[in-house]
Amino acid sequence: MTPFQALLTGPDGGPAGTPVSAHFFGAQLVIDAPGHGVDVAQLIVSVGGVDGPELFLNWLDEPGRQASLKPLTADDIAIVLREAPAALQPQLQRLWGERQRNRRQVSGWLLGLTGATVVATALLWWQGGHAVGALAGLIPLSTEKQLGELALAQVRAQGGISESGVAQQTVQEIGRQLTTGSRYQYRWLVKQDDTVNAFAMPGGIIVVHTGLLRQAGDPGELAGVLAHEVQHVEQRHSLRQMISSLGWGALVGVTIGDISAVAAMLAHQAGTLYFSRDMEEEADRLGLLALQRAQIRPDGMLHFFQKLDDKDKANVPGWISSHPQTAARAQQIRSLIAATPCPACVPLASQHWQAMKALVASADK
Ligand SMILES: [Zn+2]
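The structure contained in this document is the topic of the report that follows. Everything quoted here is computed from the prediction, not taken from an experiment.

## A word on the sheet that holds strand E10 (residues 198-201)
So, step 1. Strand order across the open sheet formed by four strands is E8-E9-E11-E10, with mixed pairing between neighbours. On the outer flanks of this sheet lie strand E8 (161-162) and E10, each paired with one strand and no other.
So, step 2. Bridge count for E10 against strand E11 (residues 205-209) is four bridges, and the pairing is antiparallel. Looking across to E11, one finds that Met 201 is bridged to Ile 205.
So, step 3. Sitting on the sheet, helix H8 (residues 219-234) touches strand E9 (187-191), E10 and E11, and the angle it makes with E10 is about 25°.

## Here's the deal with the side chain of Arg 236
So, step 1. Structurally, Arg 236 is set in the loop between H8 and helix H9 (237-246).
So, step 2. Within the local environment of Arg 236, its side chain forms a polar contact with the side chain of Glu 144, the two groups lying 2.8 Å apart.

## A few points about the environment of Thr 195
So, step 1. You can see Thr 195 is positioned in the loop between E9 and E10.
So, step 2. Of the polar contacts made by the side chain of Thr 195, one reaches the side chain of Asp 193; its length is 2.5 Å.

## Regarding the pattern of salt bridges
So, step 1. Throughout the structure, instances matching the rule amount to nine salt bridges.
So, step 2. Residue Arg 82 pairs with Glu 83 through a salt bridge whose shortest N-O separation is 3.7 Å.
So, step 3. The class for Glu 83 is partly exposed, based on a relative accessible area of 22%.
So, step 4. A salt bridge links Arg 297 to Asp 299; its shortest N-O distance comes to 2.8 Å.
So, step 5. Several salt bridges share partner residues, and in doing so they unite Glu 149, Arg 156, Glu 163 and Arg 187 into one network.

## Remarks on helix H1 (residues 74-83)
So, step 1. For H1, the complete set of buried residues consists of Asp 76, Ile 77, Ile 79 and Val 80. All buried residues of H1 project into a common sector of 155° when viewed along the axis, lining one side. Turned more than 90 degrees away from the buried face of H1 sit Ala 74, Asp 75 and Arg 82, all of them exposed.

## Side note on the environment of Gly 14
So, step 1. Topologically, Gly 14 is positioned in strand E2 (residues 14-25).
So, step 2. With a relative accessible area of 28%, Gly 14 lands in the partly exposed category.
So, step 3. As a C-alpha pair, Gly 14 and Ala 67 span 53 residues in sequence and 9.2 Å in three-dimensional space.
So, step 4. Beyond its immediate sequence surroundings of up to four residues, Gly 14 is in contact with Leu 8 and Thr 9.

## Things to note about the pairing of E10
So, step 1. The two faces of E10 match: Ala 198 and Ala 200 on one face and Phe 199 and Met 201 on the other face are all buried.
So, step 2. In this antiparallel pair of consecutive strands, E10 and E11, the connection spans three residues, and Gly 203 shows a positive phi of 85°.

## Topic: unusual backbone geometry
Backbone phi values are negative for most residues with the exception of glycine, while trans is the configuration of most peptide bonds.
So, step 1. Unlike most non-glycine residues, Arg 236 shows phi in positive territory, near 60°.
So, step 2. On the basis of relative accessibility, which here comes to 7%, the residue Arg 236 falls in the buried class.

So, how was this worked out
Residues numbered from 1 in each chain as written. Predicted model: local features only at pLDDT ≥ 70, side-chain atom pairs only at ≥ 80, totals over all residues. Heavy atoms only, no water. Pairing = 2+ DSSP bridges. Helix = DSSP H or I, 4+ residues; strand = E, 2+ residues; numbered from the N terminus. Contact = heavy atoms within 4.5 Å. Axes fitted to C-alpha atoms, helices over the stretch in contact; angles between N-to-C directions. Polar contact = N/O pair within 3.5 Å; in protein donor to acceptor, adjacent residues only side chain to side chain. Salt bridge = Lys/Arg side-chain N within 4 Å of Asp/Glu carboxyl O. Buried < 20%, exposed > 50% of the residue type's maximum accessible area, 1.4 Å probe, protein only. Arc of directions from axis to C-beta.

In structure tokens, the structure reads:
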């Protein structure tokens, strides 16, 4: 019942966080300022910290937005460790214990950074999303790949993932044409799922649902979606969004091999990263250029957008609902196509297309 002071980030606390007072009451975590409680069973503990130890209590609210509560001082952390209900204690004991053991390794990871840089970095971070973009550039490719692998393990655990077969080959055959010269080694996966969806994970992992393959009218439409998703990887949008929703503590966890908390959090959010409007427009624009570089007629991207926009959006969850402002973006793509004519571009052909379409048509019905 002892209250502790904490920073609430996410639902109602805003992206930069709001100081609140909180306490445990029965099986509830009660947060005073916005006046709501969270069932302790919903909480996922993570640990991190740059200058000192940090503890995070994370959860997802009803619409699936990530929230986290970070006790402010060592005394506040002590209250949480002491007063958390029994249901939360195993997670707390395990992660906090590991955290204490890993502290020296964390210092090692930060060896290249001076204390001043760390403070400046932390300040920038709390000021909001723009800093994440700048700082994402500092993350080594190897760490990004590890984060992607971890996210992929969670997606695999949900089942229905194919890494071979005619559908996967079709996606890979088309995708490869859009990633020549990339610093990433792409992996193309198909998920047995009726939702019209595709998503990109850090490090070059692209997952396409069979529902989207069924909706795609021709190889050019699928190429349009893939070109867009590839740019979420190339521009590190997926990495940035994952960091801003998981917190930097998660990244440190990945780097030092303490991946249990990150894995648990990724299990909730794999495939549900939401991008800013700017990121979406960037992915459209650069995706369009990638199509043209591959001499693929880029109008498939536009057609796929229009097709989904024409349908009742309530019946088309997934790709289009996580990619809002469809009409405005379709207009932007139309103008870009008009402004950058590509006489060498031809309609895309795919040797596996018919076999793939037959497969996805029969698989789910
Ligand atoms: Zn997107």
